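Results of the structural survey
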Amino acid sequence: AQSVTQLDSQVPVFEEAPVELRCNYSSSVSVYLFWYVQYPNQGLQLLLKYLSGSTLVESINGFEAEFNKSQTSFHLRKPSVHISDTAEYFCAVTPARGYQKVTFGTGTKLQVIP
Amino acid sequence: EAGVAQSPRYKIIEKRQSVAFWCNPISGHATLYWYQQILGQGPKLLIQFQNNGVVDDSQLPKDRFSAERLKGVDSTLKIQPAKLEDSAVYLCASSHGQSTGELFFGEGSRLTVL
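Definitions and limits used
Residues numbered from 1 in each chain as written. Chains lettered and ligands numbered in written order. Predicted model: local features only at pLDDT ≥ 70, side-chain atom pairs only at ≥ 80, totals over all residues. Heavy atoms only, no water. Contact = heavy atoms within 4.5 Å. Buried area = accessible area lost by both parts, 1.4 Å probe. Salt bridge = Lys/Arg side-chain N within 4 Å of Asp/Glu carboxyl O. Polar contact = N/O pair within 3.5 Å; in protein donor to acceptor, adjacent residues only side chain to side chain. Helix = DSSP H or I, 4+ residues; strand = E, 2+ residues; numbered from the N terminus. Nonpolar A, V, L, I, M, F, W, Y, C, P; charged D, E, K, R; others polar. Pairing = 2+ DSSP bridges. Axes fitted to C-alpha atoms, helices over the stretch in contact; angles between N-to-C directions. Core = buried A, V, L, I, M, F, W, Y, C linked by side-chain atoms within 4.5 Å. Buried < 20%, exposed > 50% of the residue type's maximum accessible area, 1.4 Å probe, protein only. Disulfide = S-S within 2.5 Å.

1. Some details on the interface of chain A and chain B
- Listed by partner, the interface residues are 20 residues for chain A and 23 residues for chain B.
- Of the roughly 1,700 Å² buried at the junction of chain A and chain B (both faces included), carbon and sulfur atoms supply 50%.
- When residues of chain A are sorted by the area they lose upon contact with chain B, A:Leu44, A:Tyr99 and A:Gln100 head the list and together hold 29% of the total.
- Here A:Lys101 makes a salt bridge to B:Asp56, at a shortest N to O gap of 3.9 Å.
- Taken together, the links from chain A to chain B amount to four residue pairs in polar contact (both at pLDDT 80 or more).
- Ranked by residues supplied to the side of chain A that touches chain B, first place goes to strand β5 (residues 31–38) of chain A with four residues.
- Looking at side-chain class alone, the side of chain A that touches chain B contains ten nonpolar, eight polar and two charged residues.

See the structure below:
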């Protein structure tokens with residue numbers, strides 16, 4: 001069985017300030033990790049993913065996440081947020097082999113304050 | 001390419017009534033998922049299809065929920081009879097297969113049960 005924990009349900013941050021959204025996972029097997037973003041009234045879309053290789057992965061809009069196997073974490077960071085980053089962010093995990101069931105965390109609402 | 005299409009976007013029904021949601025995945029995607037997203041929670045997998053076969057329906061309340069994917073393309077999710085606690089957004093997603101776990105989501109169908 002696998003699970004994802006996002007401890008922060010809401011994170012308010014001022015525009016141009018840095019932000020970190022925390023994600024911890026639990027799994028007995030190797031995993032792939034994802035961050036999805038959901039903008040208001042839209043479906044979820046992939047922000048970035050870790051499959052293998054470099055533990056630091058980046059998105060096209062300045063977000064990055066680092067896979068830390070020893071701490072079973074995949075925290076999402078951005079050095080300077082914009083108003084347009086206001087959205088809900090979901091961390092997700094799936095086994096790297098065999099049947100792939102994608103399990104999501106409960107989400108973190110990022111509110112960027114002007 | 002066209003994204004995942006879902007309809008209706010919004011549906012309001014009274015308890016004990018029935019409702020059906022339709023999903024058309026991205027062309028060529030073999031795997032189709034239905035997730036339930038209750039307000040304040042992360043998406044929960046209801047059922048996963050590989051082509052027209054069911055891979056996982058362990059969290060589908062089979063006494064009231066049913067889903068089918070005829071010819072391995074479109075899918076329909078039905079609830080009969082609906083309960084108040086079924087109020088949620090029903091998300092359809094598709095993927096190429098089971099190679100990377102990356103999902104492509106539709107905009108969702110929001111159900112309100114009164």
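After presenting the structure, the write-up continues.
2. What to know about the sheet that holds strand β8 (residues 75–79) of chain B
Residue and element names in this part refer to chain B.
- Read from one edge of the open sheet, four strands run β1-β3-β8-β7, paired in antiparallel fashion. The sheet is open, and its two edges are formed by β1 (5–7) and β7 (65–68), each paired on a single side. Direction aside, the axes of adjacent strands within the sheet are offset by 15° on average.
- Alignment of β1 against strand β3 (residues 19–24), held across three bridges, turns out to be antiparallel. Residue Ala-5 lies in a different strand from β3, and its bridge partner there is Asn-24.

3. Examining the environment of A:Ala65
- Mapped onto the elements of the fold, A:Ala65 is located in strand β8 (residues 64–68).
- Sequence separation between A:Ala65 and A:Leu48 is 17 residues, and the spatial gap between their C-alpha atoms is 7.9 Å.

4. Here we look at the nonpolar core
- Formed by 28 residues in total, the largest nonpolar core has its most connected members in A:Leu33, A:Trp35, A:Leu47, A:Leu48, A:Phe74, A:Leu76 and A:Tyr89.
- Among the elements of the structure, β2 (10–14), β3 (19–21), β5, β6 (45–50), β8, β9 (73–78), β10 (87–95) and β12 (108–113) of chain A are those that each provide at least two residues to this core.

5. Observations regarding the state of the cysteines
- In total, this model carries two disulfides over all chains according to the counting rule given.
- Here A:Cys23 pairs with A:Cys91 through a disulfide, and the sulfurs are 2.0 Å apart. Between A:Cys23 and A:Cys91 the sulfur-sulfur dihedral comes to about -65°; the bridge is accordingly left-handed. Here A:Cys91 lies in strand β10 and A:Cys23 lies in the loop between β3 and β4 (24–26), a separation of 68 residues in the sequence. Comparing A:Cys23 with A:Cys91 shows no difference in burial state: the two are buried.
- In this model, B:Cys23 is linked to B:Cys92 through a disulfide, with the two sulfur atoms separated by 1.9 Å. What sets the handedness of the B:Cys23 and B:Cys92 disulfide is the S-S torsion sign, and at about -70° it is left-handed.

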